Each structure stands twice: as structure tokens, then as C-alpha cells.
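Each chain, letter by letter, is given below.
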2 protein chains.
Amino acid sequence: KNNSSVIYGNRGMTLEQAINESNNYYLAVKRAVIHKKPIPIQIVDVSYPKRSAAVIKEAYFKKASTTDYNGIYKGKYIDFEAKETKNKTSFPLSNFHSHQIEHMKACRDLGGICFTIVRFSSTDELFILPFNLLLKYWNEKDFARKSIPKKEIEKVGVKLKNSISPPIQYLDGIDLLYNL
Amino acid sequence: KNNSSVIYGNRGMTLEQAINESNNYYLAVKRAVIHKKPIPIQIVDVSYPKRSAAVIKEAYFKKASTTDYNGIYKGKYIDFEAKETKNKTSFPLSNFHSHQIEHMKACRDLGGICFTIVRFSSTDELFILPFNLLLKYWNEKDFARKSIPKKEIEKVGVKLKNSISPPIQYLDGIDLLYNL
Ligand SMILES: [Mg+2]
Ligand SMILES: [Mg+2]
């Protein structure tokens, strides 16, 4: 679940780095403004040494109440998560917290475009998993299966090609999926 | 410039707390999904004690590359800063960094609604300062004045009333200003 330790493709980048680099590219060409949110932190102790920068001496990681990425594309509010799995045939719903689902649902209900960039690491395949498909399986998870079949993601979602610049052309997938 | 030390109105809240509480209210009534972004931090040292949470032992504050708040309202991407000044007749442009202006400009150019919630603390008055007015003065600041006259903010912006719930009804001001 921690993207930062997993090497993405054969380019020495993590999934998060590849998305960040794609966002920098999209920003530079003025196609979209999308940023990763900083990690939420609870600061307990800060020291202010003379003549130098404040130092945080004690802090803790807080659970994120929203998703990793948001921004604007073609006038639309965009909101998404990035996740990867070693699983070969399905994407486990345990990758999500209920507050992330609630957040994406609230954004979708107001007209936002919400999705997850899913990486199957065993085959180095990337997909856009639209929020509606995720929500369908999420709502059924207590009395049915606890994962989304990869076949279903292939059918309803969009497969993303690796490229050079940007490393992940996910906005092309969004155009296709949401008719933008 | 640090909102957290300034008491907002007579309710014992800082401007930031009042906006956060307003955002919680708007979220609860499903009117908008708008959040404050976490403070960006550069983590240098983390310790992982056995049987307890990871502790950040050394970290530094990074300069934010975007604005404080963003989200979705009426299908629109919303992006804003909150600032206050003790100045009585104008709002100093030194409250902004150039990357915040660049960020808001990029978002506006893609169809986003960008503004600043400005508080004049000496009179406890709140205004929505639309980005276009800010940009006009920003672009002229090297050969003209380095602040926006309060009179101009009163004329072009929208004055916000204090209320109980939410403490700052800034979305009503946005409706008015942007015809939503
Ligand atoms: Mg993530
Ligand atoms: Mg601020």
C-alpha cells in the first residue's frame, strides 16, 4: 500500500513519482493543474533556533481524510487516489478507507470526476478505475466479494499506456472515460 | 500573516478555524466539498518505536507551492487563500508569494474560481477579493503601488457577513460574485 517503496515500471520511478511528474508536465503545457496533497501531520513540538529555520521535533502521521490528488482539468474538478496491488486477478478493496470513499462520493455528487489510478505490479499494467465501479463493489463488500475483478476493471475502466513524457498519460484516459 | 495567532471576531476563533468550520458545515449539508490542504513538510528523520506509532523526529516547514484551500462547489473547481491585515485602508500585496499568484492564474485559465478571503482585523470586516482584481494590482506592483485599496475591494469584491452557522458564509458571496 505504500507506493514509495515500489519501483514503477522499468524507469526507476514509484507510481507516485510517475504521477507527480505527469502532473508537472500537464501543468507546464497548461493542460491541467493537479497536485498531490501534502501528508497530513500532527505537530506536537517545534523548536525555533536562533538564526535558522524552525525545526519540527515531534510529530505524528495523521490518517488522510480525503484523497491524494485533486485539481482542475477542462473546467472540471478532478479528484483521485493512486494505488497498486501485487494481486494478479483482482484489486482488493482493503486498499481504501471508508472516508476516502465518502469523500469521492461527495465530490462526484457535486459534479466532480473521481477515480483511482490502479497499478497491477506483477504485470506492470495501469488502469483508470472509475469511482462508480469502485462504489458498486464497495457497497456490496460486506455480503459479497471484497475485491474488484481485474476483468471488470479492464471492461469498465481504461487501460493506460506507459509513455515518456508524461510517464502516465492519464488525462487521455479521462477524456475517453468521461467524454471530455 | 500567521492566521492561527489572530482571534477572529468575538467568537474566539482564528480566521482559519472559522473557514474550516464553515467548510465542515458546507460538507455536512452537501453544498460543497472544500478542504484546507495540510502544511507541506520536509521530513528528515522518523523513528519507528516497537508497538507504537511512527514518530517524526526532525522535519522542516516547506513553502507552499499552491493555495490553502480547494475543492468543488456547484460543479466548479474552487481555489482560494485566506489572509488578514491590520492595515486600515489597503491590503498589502506582500501577503502573497508569486507562486500562489501563478497557481491561481493557472487554475483561473482552466475555468476555476479563484479568490482570497481577506479580513481587515482592525474593523473585523471580511471580503471576497476576486483573483482578477488581485492580479491587476499584482501585475502593476513593480511600477505602481504595492497594495490594493480597501475601497477597491469594497467596490469590486463582496463583503461577507459574520453568522453563526457557518461562521463565514463565503459561498453566498461566491454565488453573487460569479453568478452561480
Ligand atoms: Mg494513495
Ligand atoms: Mg493563508
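Scroll up to find the structure this text is about.
Rules used throughout
- Residues numbered from 1 in each chain as written.
- Chains lettered and ligands numbered in written order.
- Predicted model: local features only at pLDDT ≥ 70, side-chain atom pairs only at ≥ 80, totals over all residues.
- Heavy atoms only, no water.
- Helix = DSSP H or I, 4+ residues; strand = E, 2+ residues; numbered from the N terminus.
- Buried < 20%, exposed > 50% of the residue type's maximum accessible area, 1.4 Å probe, protein only.
- Contact = heavy atoms within 4.5 Å.
- Areas by Shrake-Rupley, 256 points an atom, 1.4 Å probe, with all protein chains shown as cover.
- Lys, Arg positive; Asp, Glu negative; His and termini not counted.
- Charge placed at Lys NZ, Arg CZ, Asp CG, Glu CD.
- Core = buried A, V, L, I, M, F, W, Y, C linked by side-chain atoms within 4.5 Å.
- Donors = N, O, S within 2.8 Å, 3.2 Å for Na, K, Ca; no water.
- Salt bridge = Lys/Arg side-chain N within 4 Å of Asp/Glu carboxyl O.
- Pairing = 2+ DSSP bridges.
- Axes fitted to C-alpha atoms, helices over the stretch in contact; angles between N-to-C directions.
- Least-squares fit on C-alpha atoms with pLDDT ≥ 70 in both.
- Parallel < 35°, antiparallel > 145°, perpendicular 65-115°, else oblique.
- Nonpolar A, V, L, I, M, F, W, Y, C, P; charged D, E, K, R; others polar.
- Buried area = accessible area lost by both parts, 1.4 Å probe.
- Polar contact = N/O pair within 3.5 Å; in protein donor to acceptor, adjacent residues only side chain to side chain.

A. Spatial organisation of the overall build of chain A. Scanning chain A from terminus to terminus reveals five helices and 10 strands. Expressed as a percentage of its 180 residues, the buried residues of chain A come to 49%. Long-range contacts, defined here as pairs at least 24 residues apart, represent 62% of the contacts in chain A between residues at least 6 apart. By element, 50% of the accessible surface of chain A is carried by carbon and sulfur atoms, the whole surface being about 8,800 Å². Charge centroids of chain A, computed over 28 positive and 18 negative side chains, lie 1 Å from each other.

B. Expanded view of the environment of B:G71. Take B:G71: it is sitting in strand 4 (residues 69–73). Remark: the alpha-carbon pair of B:G71 and B:F96, spanning 25 residues in sequence, is separated by 20 Å. Filtering out sequence-adjacent residues up to four positions away, B:G71 remains in contact with A:Y77, B:V33, B:I34, B:K76, B:Y77 and B:I78.

C. Structural context of the nonpolar core. By size, the foremost hydrophobic cluster in this structure holds 46 residues, and its most contacted members are A:L134 and B:L134. Taken together, the elements giving at least two residues each to this core come down to helix 2 (98–109), strand 7 (113–120), strand 8 (125–130) and helix 3 (131–140) of chain A together with helix 2 (98–109), strand 7 (113–120), strand 8 (125–130) and helix 3 (131–140) of chain B. For B:L134, the contacting residues outside a window of four places in its chain are B:L93, B:F96, B:I101, B:M104, B:T116, B:L129 and B:I148.

D. Fine view of the coordination of the magnesium ion (ligand 1). Residues and elements named next belong to chain A. The protein atoms donating to the magnesium ion (ligand 1) are D68 (OD) and E81 (OE), with metal-donor distances spanning 2.2 to 2.6 Å. Of this pair, D68 sits in the loop between strand 3 (55–61) and strand 4 (69–73) while E81 sits in strand 5 (residues 76–85), and the two are 13 residues apart along the sequence. With respect to class, D68 is no different from E81; both count as buried.

E. Summary view of the pattern of salt bridges. Per the counting criterion, the structure on display carries 24 salt bridges over all chains. The closest approach of N and O atoms between A:K159 and A:E125, which form a salt bridge, is 2.7 Å. Of the two residues, A:K159 is situated in strand 10 (residues 158–160) and A:E125 in strand 8; the sequence distance between them amounts to 34 residues. A salt bridge links B:K83 to B:E81; its shortest N-O distance comes to 3.5 Å. Note on B:E81: relative accessible area 1%, which makes it buried. Connected through salt bridges with shared partners, the residues A:R31, A:K74, A:D172 and A:D175 form a single ionic network.

F. Highlighting the sheet that holds strand 3 (residues 55–61) of chain B. The four strands lie next to each other as 2(A)-3(A)-3(B)-2(B), forming an open sheet whose pairing is antiparallel. A strand with exactly one partner marks an edge of an open sheet, and here the two such strands are strand 2 (41–47) of chain A together with strand 2 (41–47) of chain B. Mean inter-strand twist for the sheet, computed between neighbouring axes without regard to direction, equals 30°. Summarising the sheet, strand 2 of chain A and strand 3 of chain A pair through six bridges and their orientation is antiparallel. From the neighbouring strand, A:I43 faces strand 3 of chain A, where its bridge partner is A:A59.

G. Inspection of the relation of the copies chain A and chain B at higher detail. Rotating chain A by 180° about the axis while translating it 0.0 Å along that axis superimposes it on chain B, leaving an RMSD of 0.0 Å. One copy is carried onto the other by what is essentially a two-fold rotation axis. Both copies share a contact surface, since 100% of the interface residues of chain A are interface residues in chain B too.

H. Structural view of the packing of helix 1 (residues 15–28) of chain B against helix 5 (residues 170–178) of chain B. Residues and elements named next belong to chain B. Where helix 1 meets helix 5, the closest approach of the two axes is 10 Å, and the angle between their N-to-C directions is 80°. Comparing the axis directions of helix 1 and helix 5 gives the class roughly perpendicular. Between helix 1, through I19, S22, N23 and Y26, and helix 5, the contact on the second element is made entirely by Y170, L171 and D172. Residue composition of the contact of helix 1 with helix 5, by class: four nonpolar, two polar and one charged.

I. View of the interface of chain A and chain B. Contact residues are listed per partner, giving 34 residues for chain A and 34 residues for chain B. Here chain A and chain B share an interface that buries about 2,600 Å² over both sides, 74% of which is from carbon and sulfur atoms. When the area that chain A buries against chain B is broken down by residue, the three leading residues are A:I56, A:I72 and A:L110, summing to 23%. Summed over the shared surface of chain A and chain B, the result is five residue pairs in polar contact (both at pLDDT 80 or more). Elements with a minimum of two residues in the side of chain A that touches chain B: strand 1 (32–36), strand 2, strand 3, strand 4 and helix 2 of chain A. Of the residues that constitute the side of chain A that touches chain B, the class distribution is 21 nonpolar, eight polar and five charged. In terms of strand pairing, strand 3 of chain A meets strand 3 of chain B through three bridges, oriented antiparallel. When the sheet's bridge partners are listed, A:A59 is paired in strand 3 of chain B with B:I56.

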